[in-house]
Amino acid sequence: PQIDPQAGAAVKAADRAHVFHSWSAQELIDPLAVAGAEGSYFWDYDGKRYLDLTSGLVYTNIGYQHPKVVAAIQDQAARLTTFAPAFAIEARSEAARLIAERTPGDLDKIFFTNGGADAVEHAVRMARLHTGRPKVLAAYRSYHGGTQQAINITGDPRRWASDGAAAGVVHFWAPFLYRSRFYARTQEEECARALEHLETTIAFEGPGTVAAIVLETIPGTAGIMAPPPGYLAGVREICDKHGIVFVLDEVMAGFGRTGEWFAADLYDVTPDLMTFAKGVNSGYVPLGGVAISGAIAETFGKRPYPGGLTYSGHPLACAAAVATINTMAEEGIVENARHLGETVVEPGLRALAERHPSVGEVRGVGMFWAVELVRNRETREPLVPYNAAGEANAPMAAFGAAAKKAGVWPFVNMNRTHFVPPLNVSESEVKEGLAALDTALSVADEYTD
Ligand code: PLP
């Protein structure tokens, strides 16, 4: 990395003067000025380098600046940088084909959006129009995006400020054994009771009023809670029974994160609509979309779909998707996530859990892992309260600072840290990340009972 603190100071000053940042109290943040990035690392203008355990916001699935994808974007820019959505364009056609080839079942039509939230918006609109029903059921402990409908579906505190702005959303509890809402002691009990709870919720809401059930296949930001075997198949059955559209949100879990192309592949389940974004092109150019079943596509066969956007299927973004998907296939990147997940990440995190009293649970699959930090392993009291801020969040802030000092950029959300590096991370990088977490967890340990 080149060292140029003066340039860094100028970047920072203009940011502080003019950039309004997401989800933040503008005067209370201190964004790091980033000079560059490559593979699993990025660095600042002082030359300090970080191993990125977050993949940005869990989207740089092939790391930063992958030369094949950068070249594909350059090539597309030289040939046809942009073109309106109503035309058939090579990069768009090919991206749709490569995605449809990988999505489960008959999800063979692709509607492109600019990102994940608008993919969710459109999935919900499609479900409402397809069924003629108003309501959407979604889970507590979920994140579906920052736009009006998507944030109302979201089950985390970021929803509260926008509550009521979109009608017809009902939240329910999805399974999560470690913090079971159902007094379950086993995954089997958790699964059965969560399904019963969902059935009851639908009965009391009125099955004829529910257009869609929206679930992250494996909730991501909310804590990487892989559902117990049988849960998603059970939801599929409930949807079929009541004519409800089953939407799986694979914006974070999709495109290799779990060691499969889609998390739905782990459960052998096919939704009616599947949303994606992030990993589809590693976020090199904004892109998201909805994969649509035959039946729903048919609804809009003769009747126009009332929705669209200027940049739907943007050629630069689609060229990046084509190159990303082909590169992932050529370089065995999905297999790498599965293999290193099983052989290095999981045993490494479990070893950390044994050594550190602050670790309550380690859970995940592929390159998609959560470490849940607690004050007390017996009571499972979280290291910081739900939605803690300021002084109440001091233990997690101290953990995060220690991780950065140790040379990694950690994903920190509430009382959890997630281990979500790029999927083409190397074994030695994973070990470097685990060693840094080991150091940072010793700081978290100081806050345990
Ligand atoms: N859905 C899920 C599961 C997500 O994790 C996210 C983003 O983190 C979104 C939707 C929203 O995507 P975007 O930020 O691209 O709008």
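Cut-offs and rules
Residue positions are counted from 1 within each chain, in the order its sequence is given. Two thresholds apply to this predicted model, a pLDDT of at least 70 for residue-level local features and 80 or more for giving and counting side-chain atom pairs, whereas whole-chain, interface and lining totals are computed over all residues. Between the N-to-C directions of two axes lies an angle of 0 to 180 degrees, each axis being a line fitted to C-alpha atoms and, for a helix, fitted only over the stretch in contact. Numbering goes from the N terminus for both helices and strands, where a helix is a DSSP run of H or I of at least four residues and a strand is a run of E of at least two. Here is the rule for angles: anything less than 35 degrees is roughly parallel, anything more than 145 is roughly antiparallel, 65 through 115 is roughly perpendicular, and the remaining ranges are oblique. In a left-handed crossing the near helix is turned counterclockwise from the far helix by less than a right angle, and in a right-handed crossing that turn is clockwise. Contact between residues is assigned whenever the C-beta positions, reconstructed from backbone atoms, fall within 7 Å. Charged residues are taken to be Asp, Glu, Lys and Arg, nonpolar residues to be Ala, Val, Leu, Ile, Met, Phe, Trp, Tyr, Cys and Pro, and polar residues to be all remaining types, Gly included. Counting other C-beta atoms within 10 Å of a residue's own tells you its class, since 20 or more makes it buried, 12 or fewer makes it exposed, and anything in between is partly exposed; those C-beta atoms are placed from the backbone. A pair of strands is labelled paired if DSSP reports no fewer than 2 bridges between them. We call a residue near a molecule or strand when its C-beta atom, built from the backbone, sits within 6 Å of it. Any set of buried Ala, Val, Leu, Ile, Met, Phe, Trp, Tyr and Cys residues joined through C-beta atoms within 7 Å is what this text calls a nonpolar core. Source of the domain bounds: an automatic or database domain assignment.

Novice: Quick question: what am I supposed to make of the packing of helix α7 (residues 187–205) against helix α8 (residues 231–242) here?
Specialist: Two quantities define a packed helix pair, namely the angle between the axes and the distance from one axis to the other. For the pair α7 and α8, the least separation of the axes is 10 Å and the interaxial angle reads 20 degrees. The pairing of α7 with α8 is recorded here as roughly parallel in orientation. Seen along the crossing, α7 lies across α8 with a hand that is right-handed. Between α7 and α8, the residues in contact are Cys191, Ala194, Leu195, Leu198, Glu199 and Ile202 and Tyr231, Gly234, Val235, Ile238 and His242, respectively. Split into classes, the residues belonging to the contact of α7 with α8 amount to eight nonpolar, two polar and one charged.

Novice: Got a minute to help me understand the environment of Pro219 in this structure?
Specialist: You can see Pro219 is positioned in the loop between β7 (210–216) and α8. Residue Pro219 is classed as buried on the basis of its C-beta count, with 25 C-beta atoms lying within 10 Å. Between the C-alpha atom of Pro219 and that of Asp249, which follows or precedes it by 30 residues, the distance is 8.8 Å. Other than its neighbours up to four places away in sequence, Pro219 contacts Ala139, Arg141, Ser142, Ile224 and Met225.

Novice: Can you help me understand the pairing of strand β12 (residues 368–376) in this one?
Specialist: Each regular strand carries side chains that alternate between the two faces of the sheet. Here β12 lies mainly inside the structure; seven of its nine residues are buried. Adjacent in sequence and paired antiparallel, strand β11 (residues 359–365) and β12 are bridged by two residues, among which Gly366 carries a positive phi angle near 60 degrees. Sheet topology note: the β12/strand β16 (residues 416–419) ladder contains four bridges and is antiparallel. Of the residues in β16, the one forming a bridge with Ala370 is His418. Judged from the two bridges that link them, β12 and strand β13 (residues 381–382) form a sheet pairing that is antiparallel. Bridge assignment links Val374 to a residue of β13, and that residue is Pro382. Once β12 ends, the chain turns through four residues before running back antiparallel as β13, passing Arg380 with a positive phi of about 65 degrees.

Novice: What is the right way to read the site of the ligand from this model?
Specialist: Not every one of the 16 residues close to the ligand is listed here, only the nearest: Gly115, Gly116, Ala117, Gly145 and Val251. For the shell around the ligand, the leading source of residues is helix α5 (residues 116–131), giving three residues. Partitioning the shell around the ligand into residue classes produces seven nonpolar, seven polar and two charged.

Novice: Mind showing me how you'd approach the environment of His356 here?
Specialist: Its location among the elements puts His356 in the loop between α12 (333–355) and β11. Given 18 C-beta atoms within 10 Å, His356 falls into the partly exposed group. In this structure, the C-alpha to C-alpha distance between His356 and Asp445, residues 89 residues apart in sequence, is 6.4 Å. In this view, His356 contacts Leu441 and Asp445; residues no more than four positions away in its chain are not counted.

Novice: Is there a simple way to explain unusual backbone geometry in this structure?
Specialist: Backbone geometry follows two general trends: most residues other than glycine have a negative phi, and most peptide bonds adopt the trans configuration. Even without glycine at this site, Arg380 takes up a positive phi of about 65 degrees. The topology assignment puts Arg380 in the loop between β12 and β13. Looking at Arg380, the number of C-beta atoms within 10 Å reads 13, which means it is partly exposed. Even without being glycine, Met414 reaches a positive phi, approximately 50 degrees. For Met414, the location among the structural elements is in the loop between β15 (411–413) and β16. Residue Met414 is classed as buried on the basis of its C-beta count, with 21 C-beta atoms lying within 10 Å.

Novice: Would you explain the sheet that holds β7 in this entry?
Specialist: Backbone hydrogen bonds hold the strands of a sheet together, and the pairing may be parallel or antiparallel. If you trace the seven strands from one edge of the open sheet to the other, you get β4-β10-β9-β8-β7-β5-β6, paired in mixed fashion. Each end of this open sheet is capped by a strand with a single partner; those strands are β4 (109–113) and β6 (169–172). The average undirected angle you get between the axes of adjacent strands in this sheet is 20 degrees. Both strand β8 (residues 245–249) and strand β9 (residues 273–276) contribute to a ladder of three bridges, which runs parallel. The residue of β9 that forms the bridge with Leu248 is Met274. Running at roughly 150 degrees to β6, α7 makes contact with β5 (135–139), β6 and β7 of the sheet.

Novice: How should the nonpolar core be read in this particular structure?
Specialist: Counting residues in each nonpolar core, the largest one holds 125 residues, and the members touching the most others are Ala212, Ile213, Val247, Leu273 and Ala320. Sort the elements by how many residues they give to this core and helix α11 (residues 315–330) lands first, with ten residues. Built from parts of two domains, this core gets at least three residues from each of domain 1 (5–65 + 332–445) and domain 2 (67–330). Residue contacts for Ile213: discarding those within four places in its chain leaves Leu137, Val235, Cys239, Ile244, Phe246 and Val247.

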